[in-house]
Each structure stands twice: as C-alpha cells, then as structure tokens.
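Observations on chain architecture
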Amino acid sequence: MADIKRVLRSRSWYGGADKDAFAHRSWIKNQGHPDHMFDGRPVIGICNTWSDLNPCNAHFRELSEVVKRGVYESGGFPVEFPAMSLGETTLRPTAMLFRNLASMEVEESIRANPIDGVVLLVGCDKTTPALLMGAASCDLPTIALSGGPMLNGKYRGRELGSGTSVWQFSEAVKAGEMTLADFMSAESGMSRSPGHCMTMGTASTMASMVEALGVGLPENAAYPAVDSRRRRLAYLVGNRIVAMVAEDLRLSRILTRAAFQNAIRVNGAIGGSTNAVVHLLAIAGRLGIPLTLDDWDTWGRDVPTIVDLMPSGRFLMEDFCYAGGLPVVLKALGDNGLLNRDALTVNGRTIWDNVSAAENFNPEVIRPFDRPLTQSGGIAVLRGNLAPSGAILKPSAATPALMQHRGRAVVFESIEDYKRRIADPDLAIDETSVMVLKNCGPKGYPGMAEVGNMGLPPKLLAKGIKDMVRISDARMSGTAYGTVVLHAAPEAAAGGPIALVREGDAIELDVAGRRLHLDVSDAELERRRARWTPPAPPMSSGYQKLYVDHVLGADRGADLDFLVGNRGAAVPRESH
Ligand code: FES
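Small disclaimer: the values here were computed from a predicted structure and weren't measured. (Residues numbered from 1 in each chain as written. Predicted model: local features only at pLDDT ≥ 70, side-chain atom pairs only at ≥ 80, totals over all residues. Heavy atoms only, no water.)

This brings us to the pattern of salt bridges. Counted according to the given criterion, the structure contains 43 salt bridges. Note that arginine 383 is salt-bridged to aspartate 294, the shortest N-O span being 2.8 Å. Placement of arginine 383 in the loop between strand 7 (380–382) and strand 8 (390–393) and of aspartate 294 in helix 14 (residues 293–300) is noted, with a sequence separation of 89 residues between them. A residue is classified by how much of its surface remains accessible, and arginine 383, at 30% relative accessible area, is partly exposed. Here aspartate 294 falls in the partly exposed class, since its relative accessible area comes to 39%. For aspartate 308, the salt bridge identified is with arginine 314, shortest N-O distance 2.9 Å. Given a relative accessible area of 0%, aspartate 308 falls into the buried group. Given a relative accessible area of 45%, arginine 314 falls into the partly exposed group. (Salt bridge = Lys/Arg side-chain N within 4 Å of Asp/Glu carboxyl O. Helix = DSSP H or I, 4+ residues; strand = E, 2+ residues; numbered from the N terminus. Buried < 20%, exposed > 50% of the residue type's maximum accessible area, 1.4 Å probe, protein only.)

Quantified by volume, the second largest pocket comes out at close to 340 Å³. If you trace the second largest pocket, you find 18 residues lining it, with Tyr14, Ile28, Gln31, Val79 and Glu80 closest to the centre. Of all the secondary structure elements, the ones that give two or more residues to the lining of the second largest pocket are helix 2 (11–14), helix 3 (19–28), helix 4 (60–73), strand 2 (77–82) and helix 5 (99–112). Here the lining of the second largest pocket takes four residues from strand 2, the largest share from any one element. Split into classes, the residues belonging to the lining of the second largest pocket amount to 11 nonpolar, five polar and two charged. (1 Å grid on protein atoms, 1.4 Å probe; cavity = no way out; pocket = protein on both sides within 12 Å on 5 of 7 lines; lining within 4 Å. Points joined across faces, edges and corners; volume = space filled by probe spheres on them. Nonpolar A, V, L, I, M, F, W, Y, C, P; charged D, E, K, R; others polar.)

With that settled, consider empty space enclosed by the protein. Inspection of every chain in the model, using the stated rule, returns three cavities of 30 Å³ or more. Roughly 50 Å³ of volume is contained in the largest cavity. Around the largest cavity, the lining residues are Glu211, Gly214, Gly216, Leu217, Pro218, Pro327, Leu330, Thr345, Ile351, Asn354 and Val355. Taken together, the elements giving at least two residues each to the lining of the largest cavity come down to helix 16 (326–335) and helix 17 (351–355).

Within the structure shown, the criterion is met by six aromatic pairs. With a centroid separation of 5.1 Å and an interplanar angle of 80°, the aromatic rings of tyrosine 14 and phenylalanine 38 are classed as edge-to-face. Taken together, the positions of tyrosine 14 in helix 2 and phenylalanine 38 in the loop between helix 3 and strand 1 (43–48) put the pair 24 residues apart, joining distant regions of the chain. Look at tyrosine 14 and you get buried, because its relative accessible area is 7%. When its relative accessible area of 7% is taken as the criterion, phenylalanine 38 is described as buried. Look at tyrosine 543 and tyrosine 547: their rings are 6.0 Å apart centre to centre, the planes differ by 55°, and that puts the pair in the tilted class. Taken together, the positions of tyrosine 543 and tyrosine 547, both in helix 21 (residues 542–550) and four residues apart, correspond to about one turn of that helix. (Phe/Tyr/Trp six-rings, centres within 6.5 Å; stacked < 30°, edge-to-face > 60°.)

Take it as geometry only, folks, not as evidence of what the structure does.
Structure below.
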C-alpha cells in the first residue's frame, strides 16, 4: 500500500496530522467510519443516479450496496455520491437538455472530493453518457456499471418491447386496428421489473457501448436488472476498481480511438440507437480524441446487423442475454477482422482476451455473419445542400424501398405546428411526400427532442401506409424506427439550410450515395436566407440560456463548447 499512498489524491485530504486533516476525517467519521478507513487505502466514489423519478435507475441503491461490499473486500473505502438522475420518460422538455448539466455535476463532484477511483452507476438513456463525459473530464481510474434491462414485456401471449410497442400500438389505434381499451391494458404488461428499456433502444445501446469501449466489465450489457448475475457483476466492479487505482489504470488508457472504433462497429452489429452518435462524439470530445461523423460512416458501413432485437428486429434484451450477450457479438466482429483485439479494458485484459471463448446459444437472436438481419448496418451519414455538416439515418430501421426517394416537402415549422396540423384531413400530403420538421435541434428545442420519428398522418395510416421519409434536425428514440433522417446540421435555429425548406420543394434522399439534396437553386436559397430570422429561444435566462448560448451542433456531439477538450487529470487543491 506504501506506493499507492504516495500517489493517491485522497491523501491530501485524509493524510497528515494538521488542522485540515483533522477536519476532513473528523466530520466524515460521524458516519461510523473507523480509523483504519483513513490509513491510505483508495477512496472509491460511487456515483449513483438513483431516483424514484427515474424508474430505470430506481434499483440503484441496492446495486450500490453490492459495489460497496466488493470495495471493502478489496481494501478500499467506498463513498457514495449522487448525480442528477435523468429519467427519459419524465423530464421536460427533454432529458437530453440536461445531459451536459449532469456531466458537469459529475465532473465537479469528482474533482472537488477526496476520490481516487470512480464507479459510475448508469442505466436510463442519458445517465450513461452524462456520467462518462463527466468522468472523462477528470480521467481517474473509472468503471461504469449499467443497471441492466427490464424483463421482457408480456401482453396477451406476445412480447412487448419498451417504446417500440408503444409506437406500434399508438399508430394501430390511429389506424383503427386496435381499441383504446386494449392500448390502455397493454400499459401494465410492458414494464414488469426494475431496469431500463429492454429493446435495443438508447439505454441498451449505451450499456453495450460501455462493454464495447472496455469501460465496463464483460457481460455488462445484457444481464437483466433482476438477474443475480447483475449483482455479482456489481460486486466484481467493487473489487476491480480498487485494483485499478493501484495500477493507476485511468480512463484515458481505456477510451482510445481504437476503443471508439470497436464501439462504432458494435453499434452497427447490434442495430444500436442513433443517439449513440451524439453521445460517443461528446465522450470522445472530453478526452480530446478526434472522433467525427465520418468515422461513424467509414467504420460502421460494412458491419452487418446480426442482433435481431427490436426496434430493427424481433427479440428483446432478455433473449440477447440468454443467447450469450455482447461477448458473442464482439467475438463475431473479431473473427471477421472488425475488432481492434488489443484494446485494453478495465479488467486489465484486452477485449479479445475477454471474448475469444464466447459461445452463441441462440443463432436466431444473434445471427451468424453470413445470415445477418441487415447486410449493411451501422449509421449512414448523409450530406448535401440540405445538411452540409451531416445528417444521419439508421438503415436497419428504415424501409429499403424508401432509401432512394424523391418527394415534395410537407413542412412543419415546429413540433407544435406538426401536432396542430398532422391530423387535419385537408393536409396536402400523400405517401410520396417528404415530411420536414424544423427547429427541434440542440438550440431550437432546446435540448434536441426525440421527435424526428413523427407519426404519420392518420388518413395515410388508415390507408395502410406504414412508413414515409421524414427529415428533421431532431433526434429519435432508440426504440423508434422508420425511414427517418435525423440530426440535420447545421440545425434550423442556427440558420442551417433546413430552415429554408418550403412547402412543395423537391427533396432527394439517396442513402446508398449518402446524399440529401434540396432541389432548389443556390440563388433562391440565398434569397430565402436574406429573409430568415432566428426563432426566439423559449427561455432567456437560467441553465437554458447557458445551454443555447454554448451548445455545439449534433455533428459535434451537442456538448457545450467550454466542456470540450482534455482538461487533464483531476488535481486536488488545498481547501479554504
Ligand atoms: Fe429509461 Fe428507456 S426510459 S431507458
């Protein structure tokens, strides 16, 4: 322990015999900690996003206690601290508005406290990137532990997927294919246990990213929240973080460009959420790693989607777990030359060491490479005069016949405008139209709402139309699907070309050619731009003002400009 004592941050609080050390130890001893907790052992911060208001993370107090047991067993001193819990289904206007705020809280909580190593308890969509971003800015030894998915939803003998089934049922009610009474009674069958959404939505995707980046232990992604193996993993995380402090295995040695390449390829193989794009860009940005939208397209382009989970496919996370989980996917990528096998992970082994013996127990759920769900998975990055800084589309969730399409724009100036007019029987729209939604980007909403998968007009649903091309500067839920072009950048509120689209303009989408074109002359676009004025932000003070003044575009991860860049490891200063 002598060597560790020399380097531990916590010694500048808890070491010594002066007045300050007295104060630092004395007050915290009011919790019953004995003297030997201050003998130079590593202090492990457990960042807990528990909240009754965040159903996906509501079991985290129990999980935290298990992590503590592992820390104690390995000779560490665990201290739990809270971070703003971002409940996706509850927070208004959108949880994404607060991702950066939570990341700042996490960073400053770590930086300001006597912490040597960190365990991040993450689950619901935004909690994973928020905590990783905050921890990345401090660069201490860190392990992320996901809370695990809910059990599969069940309703009248069929499987219900979080989010995905809600979108399907809601459209079915509008189309007259499902009664409102059935819709309401499905509600209680969907969320049957603690845990996060059990489709391959954003939470499951980000839990997979944690494992693929090597910042979580193997098997992190898929164990259900209520599976005892989830708690066993929490115990091992407690053991391992103490050893990581001794090894000084910092986050920057794990989160390398090679690790991000692995994660992007995994996202393609699992049919992961489009939200992973902004989150990984933002996490990389905190470490000064040059990750771009083009990396997403280049690295993910040839990756087949082999995991057959909703929203792209049929199964759910419980099935994925029983099939072998993410190690099977990582092994398949490694066997096919699509994995940086030497990437280091938090257990001190390479990612290939961790997964090379993985077995697939259900090739229907995790398909072989030569029988994929979609040959070209990943994220398509589109460019053109409608999105010069890029827009994205998830091919595995789109309709193949619509991926090359030309149609007339039906324009909604805001989500409120969309809601007002979409059910109007006189709305001039048919299935060949292209729905365009403006002012829902990072600045425009603000927070970049998950509304890009706007529902189709009821009159077309009633005709049996299931999908149309939709374009916006918004995000969409990871549980959603459709031929949906998202994250158009620059966004409308920042004066991007999407702000200039008018009703009836022709728009061309060519996914194979990675092109998104507004068929309007440059001269006409300049005329429109001269008359364009930015929308007034909904709030001109408080955090929303800070956010709108400083948020970067979706193509740069929608982080705040002053948070980007490697600020170096957390360094303690004397207290005053
Ligand atoms: Fe929390 Fe989906 S609502 S993960």
